[in-house]
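What the coordinates show
Below are the chains, spelled out letter by letter.
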Amino acid sequence: GELHTWGLGQYGRLGHGDDVTCLKPKLVKALEGKVIIQISCGSRDAQTMVLTDAGLVYSWGDGDFGKLGRGGSEGCSTPTIIDKLSGQGVVQVECGAQFSLALTKSGQIWTWGKGDYY
């Protein structure tokens, strides 16, 4: 289905291409035409990830500690594909405070971001 987000827009976590707070649901235009089957939102300096029916994973928001999965710590305010996960058979994604995870259909767990205990 379509993805609509709203709330605090800080760090671009809503995926609208800016850091504006939205008080009502707004369509994430960068994902139009894609069927979203799961979404996960982090806490603190938040990142957001979605999984599509095609098995593609997109992330956006705060990029500290590499938690967006694209190398480096640069943030992003629009959904951007995580190339490394393409073709891996991802079936679930999760966001933590400063880290992210993906589970594949073969049972592999991929993790990235800050590795210390909170």
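Keep in mind that what you see is a predicted model, and the values were worked out from it rather than measured.

Examining the sheet that holds strand β4 (residues 47-52)
In spatial order, the strands read β3-β4-β5-β6; together these four strands make up an open sheet with antiparallel pairing. On the outer flanks of this sheet lie β3 (36-41) and β6 (76-81), each paired with one strand and no other. If you compare each strand with its neighbour and ignore which way they point, the axes differ by 15 degrees on average. In the sheet, strand β5 (residues 57-61) pairs with β6 via three bridges, with the strands oriented antiparallel. Residue pairing for β6: S59 is matched across the bridge by T80.

Looking at empty space enclosed by the protein
Scanning all chains against the criterion turns up one cavity of 30 Å³ or more. Looking at the largest cavity, its volume works out to about 40 Å³. Considering the residues around the largest cavity, the lining is formed by G1, E2, L3, L27, V28, L31, E32, K34 and I36. By residue class, the composition of the lining of the largest cavity is five nonpolar, one polar and three charged.

Considering the environment of T111
Secondary-structure assignment places T111 in strand β9 (residues 109-113). Judged by its relative accessible area of 55%, T111 falls in the exposed class. Separated by 18 residues in sequence, T111 and V93 place their C-alpha atoms 9.9 Å apart. Discounting chain neighbours no more than four positions away, the residues touching T111 are S100 and L101.

Describing unusual backbone geometry
Even without being a glycine, Y11 presents a positive backbone phi close to 65 degrees. By the secondary structure assignment, Y11 is in the loop between β1 (4-7) and β2 (22-27). A relative accessible area of 33% means that Y11 is categorised as partly exposed. In this structure, F65 is a non-glycine residue whose phi angle is positive, near 65 degrees. On the secondary structure map, F65 appears in the loop between β5 and β6.

Cut-offs used in this document
- Residues numbered from 1 in each chain as written.
- Predicted model: local features only at pLDDT ≥ 70, side-chain atom pairs only at ≥ 80, totals over all residues.
- Heavy atoms only, no water.
- Pairing = 2+ DSSP bridges.
- Helix = DSSP H or I, 4+ residues; strand = E, 2+ residues; numbered from the N terminus.
- Axes fitted to C-alpha atoms, helices over the stretch in contact; angles between N-to-C directions.
- 1 Å grid on protein atoms, 1.4 Å probe; cavity = no way out; pocket = protein on both sides within 12 Å on 5 of 7 lines; lining within 4 Å.
- Points joined across faces, edges and corners; volume = space filled by probe spheres on them.
- Nonpolar A, V, L, I, M, F, W, Y, C, P; charged D, E, K, R; others polar.
- Buried < 20%, exposed > 50% of the residue type's maximum accessible area, 1.4 Å probe, protein only.
- Contact = heavy atoms within 4.5 Å.

This is a description of form; function is not addressed.
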